[in-house]
Amino acid sequence: ENSLWTVEIDPGTPSSPHSLTREEVFTVLAGVAQVSLAGETSTARAGDAIVVPAGVEFGLANPGPDTLRLVCCLPVGGQATMGGATFTPPWAE
């Protein structure tokens, strides 16, 4: 009932704030993530987990010089809201 995938974010990529209808969990595999969660900003490094509660706006940016690699887990059917539009990401279908 969960989907699991990897994400790579290129160096210098800014955040794209959005929220989800279900909790999402990320584990940082490599690089450094700048995490914006409910208006607070923090940093996550390899081995750190990022837990995003449902309905909370968040974003991940890669301010560093290296590719940011993460494993993500979202329950199947979870939807994202971004810029007023709600959609089901392809990996959560």
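Residues numbered from 1 in each chain as written. Predicted model: local features only at pLDDT ≥ 70, side-chain atom pairs only at ≥ 80, totals over all residues. Heavy atoms only, no water.

**Some thoughts on the packing of aromatic side chains**
Rules: Here a Phe, Tyr or Trp ring, Trp counted by its six-membered ring, pairs with any other such ring whose centre lies within 6.5 Å, and the pair is stacked when the planes are under 30 degrees apart, edge-to-face when over 60, and tilted otherwise. The secondary structure listing takes helices from DSSP runs of H or I that are at least 4 residues long and strands from runs of E that are at least 2 residues long, numbered from the N terminus. Summary of the burial criterion: residues with accessible area below 20% of their type's maximum are buried, those above 50% are exposed, and those between are partly exposed, where the area comes from a 1.4 Å probe applied to protein chains only.
Under the counting rule described, the total for this entry stands at one aromatic pair. An angle of 55 degrees between the planes, with centres 5.9 Å apart, marks the rings of F26 and F58 as tilted. Residue F26 is located in strand β3 (residues 24–30), and its partner F58 is located in strand β7 (residues 58–61); the two are separated by 32 residues in the primary sequence. For the pair F26 and F58, one class covers both residues: buried.

**Thoughts on the environment of G47**
One can find G47 in the loop between β5 (40–45) and β6 (49–52). Residue class for G47 comes out exposed when judged on its relative accessible area of 63%. Put simply, G47 and T27 are 20 residues apart on the chain and 6.4 Å apart in space, counted from C-alpha to C-alpha.

**As for the sheet that holds β7**
What counts is decided by this rule: Should DSSP find at least two bridges between two strands, the strands are taken to pair. Comment: axis = line fitted to C-alpha atoms, over the contacting stretch for helices; angle = value between 0 and 180 degrees taken between N-to-C directions.
The antiparallel open sheet is built from three strands, whose spatial order is β5-β4-β7. The sheet terminates laterally at β5 and β7, the two strands that pair on one side only. The mean inter-strand angle of the sheet, taken between neighbouring strand axes irrespective of direction, is 25 degrees.

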